[in-house]
Amino acid sequence: MNEIKINRRQALQLAAALGTTFGLSTLPEPIRAALLPITADTAPKIIYLQGLSCTGCSISLLQTATISPLSSITTYSNLSFHSDLSAISGQQALALIDSFISGKDGEYYLAIEGAIPAGMPEACMIGSKPFGEYVAAGAKTAAGIIAIGTCASFGGIPSAEGNPTGSMSVPAFLAQRHIDKLLITIPGCPTHPDWVWHTITHLVKVGLPELTESRSPKIFFGKNLHNSCPRYHYFQEEMFAKKLGDFGCLFKLGCLGPITFADCPTRWWNGGSTWCIDANAPCIGCAAPTFALHKDFPFYRTESESRTKL
């Protein structure tokens, strides 16, 4: 008998049809949860704090194409505070953050963008308190922590070797403080909006997604980018591009796809219109744990000059 393969969307459509025919209660719990709509009562409350970052991830989150930016922050989630998007500021903002962190406003998730300047706390302040103090306090009361972007997930550019702030990633900071809490890392510089919003939706409707060793959702970061690249056959045939714009594998022009795990080749960016390789640019490994951490990490390397510490 030939094996029949269907994708996730087809599976949910089939489940919906079966639910209509036989009743929703007869379906497995994960499928029932996935089919139920998100309501105001089930939308997760999120406090979004920013550390040492360029705000690029926040901008990227508003470029979501599968759902509108407004629906992302009002229907699929309850974004209670974001320093760039919230209307309140000053003492009102501080009071709101403190109210959540103290546990007065019920269950919430703490989203963190940017690295934490552990060696120079005054380099990033919220009101009169160092950013790290808010992270440490919120980590103890939040239902879970979501590190958004490579700076929060792995340290990124702010934590580069030799930086004067002693910056570190959220996982490293929590480990230093001996705080053990549900933690999900969603890297990328910037991160893809789908990676974030789909993870949040999965948390609420289905539960914790399967994670990689780096605590990233395996559905997005479980496959090697190089192996899924449409130019992989050029690599196998040793047909390498000699300059930007050439056909062929971009490995010798500095492509870091071999050390990067992300679904960019199949997800694409900018509403599904393009991605780095499609634009004839090498992958710079922005979702990799080693991204920009070392002094001699070149964004674009050549075969003879490669000194990247992998």
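Engineer: Which residues make up the overall build of the chain, and what are the values?
Structural biologist: Each helix and strand in the chain was counted, giving 13 helices and nine strands. Here the chain holds 310 residues, and the buried ones make up 45% of them. Considering only contacts within the chain whose residues lie at least 6 apart along the sequence, 71% involve residues at least 24 apart. Roughly 16100 Å² of accessible area belongs to the chain as shown, and the carbon and sulfur atoms make up 56% of that amount.

Engineer: Explain the side chain of glutamine 50 to me, using residue names and the numbers behind them.
Structural biologist: Mapped onto the elements, glutamine 50 comes out in strand S1 (residues 45-50). A relative accessible area of 13% means that glutamine 50 is categorised as buried. Separated by 2.3 Å, the side chains of glutamine 50 and serine 83 make a polar contact. Here aspartate 84 takes part through its side chain, which lies 3.1 Å from a polar atom of the side chain of glutamine 50. Beyond its immediate chain neighbours, meaning those up to four positions away, glutamine 50 contacts Thr55, Ser58, His82, Ser83, Asp84, Glu113, Cys124 and Phe131.

Engineer: Tell me about empty space enclosed by the protein, and name the residues and values.
Structural biologist: With the rule as written, the count across this model stands at two cavities of 30 Å³ or more. Quantified by volume, the largest cavity comes out at close to 100 Å³. Classifying every residue of the lining of the largest cavity gives nine nonpolar, two polar and one charged.

Engineer: Describe in detail the environment of proline 121, supporting the description with residues and values.
Structural biologist: Looking at where proline 121 falls in the secondary structure, it is placed in the loop between strand S4 (116-117) and strand S5 (125-126). By relative accessible area, which is 36% here, proline 121 ends up partly exposed. Spatially, the C-alpha atom of proline 121 lies 9.1 Å from that of serine 167, the residues being 46 residues apart in sequence.

Engineer: Let's hear about the pairing of S1: which residues, and what values?
Structural biologist: Across the six residues of S1, five count as buried, placing the element largely inside the fold. Inspection of the sheet shows S1 paired to strand S2 (residues 78-82) by four bridges, in the parallel sense. Residue pairing in the sheet places isoleucine 47 in a bridge with phenylalanine 81 of S2. Bridging between S1 and strand S3 (residues 109-113) involves five bridges; their strand directions are parallel. Looking across to S3, one finds that tyrosine 48 is bridged to alanine 111.

Engineer: Go over helix H9 (residues 193-205), please, and point to the residues and values.
Structural biologist: Taking 1.5 Å of rise per residue, 13 residues should cover 18 Å, and H9 covers 18 Å from first to last C-alpha, within 8% of that figure. For H9, a buried count of 10 out of 13 residues is recorded, marking the element as mostly surrounded by other parts of the structure. Positive backbone phi, at 125 degrees, marks glycine 207, one or two positions downstream of H9.

Engineer: Can you tell me about the pattern of salt bridges, naming the residues and giving the values?
Structural biologist: This structure, assessed with the given rule, holds four salt bridges. In this structure, aspartate 194 engages arginine 267 in a salt bridge whose closest nitrogen and oxygen atoms are separated by 3.1 Å. Remark: arginine 267 occurs in helix H13 (residues 264-267) and aspartate 194 occurs in helix H9; sequence separation between them is 73 residues. Given the relative accessible area of 8%, aspartate 194 is considered buried. We note a salt bridge from glutamate 210 to lysine 218, for which the minimum N-O separation is 3.4 Å. A relative accessible area of 57% means that glutamate 210 is categorised as exposed. Among the residues examined, lysine 218 registers a relative accessible area of 40% and is labelled partly exposed. Among the charged side chains, a salt-bridge network with shared partners connects Asp194, Asp263 and Arg267.

Engineer: Tell me about the packing of aromatic side chains, and please be specific about residues and values.
Structural biologist: Think of a pair of aromatic rings as described by two things: how far the centres are apart, and how the planes are tilted against each other in angle. Per the counting criterion, the structure on display carries seven aromatic pairs. Judged by centre distance (5.7 Å) and plane angle (75 degrees), the rings of phenylalanine 100 and tyrosine 108 are edge-to-face. The exposure class of phenylalanine 100 is buried, given its relative accessible area of 5%. Relative accessible area serves as the criterion here: at 1%, tyrosine 108 is assigned to the buried category.

About the cut-offs
Residues numbered from 1 in each chain as written. Predicted model: local features only at pLDDT ≥ 70, side-chain atom pairs only at ≥ 80, totals over all residues. Heavy atoms only, no water. Helix = DSSP H or I, 4+ residues; strand = E, 2+ residues; numbered from the N terminus. Buried < 20%, exposed > 50% of the residue type's maximum accessible area, 1.4 Å probe, protein only. Contact = heavy atoms within 4.5 Å. Areas by Shrake-Rupley, 256 points an atom, 1.4 Å probe, with all protein chains shown as cover. Polar contact = N/O pair within 3.5 Å; in protein donor to acceptor, adjacent residues only side chain to side chain. 1 Å grid on protein atoms, 1.4 Å probe; cavity = no way out; pocket = protein on both sides within 12 Å on 5 of 7 lines; lining within 4 Å. Points joined across faces, edges and corners; volume = space filled by probe spheres on them. Nonpolar A, V, L, I, M, F, W, Y, C, P; charged D, E, K, R; others polar. Pairing = 2+ DSSP bridges. Expected span 1.5 Å × (residues − 1). Salt bridge = Lys/Arg side-chain N within 4 Å of Asp/Glu carboxyl O. Phe/Tyr/Trp six-rings, centres within 6.5 Å; stacked < 30°, edge-to-face > 60°.

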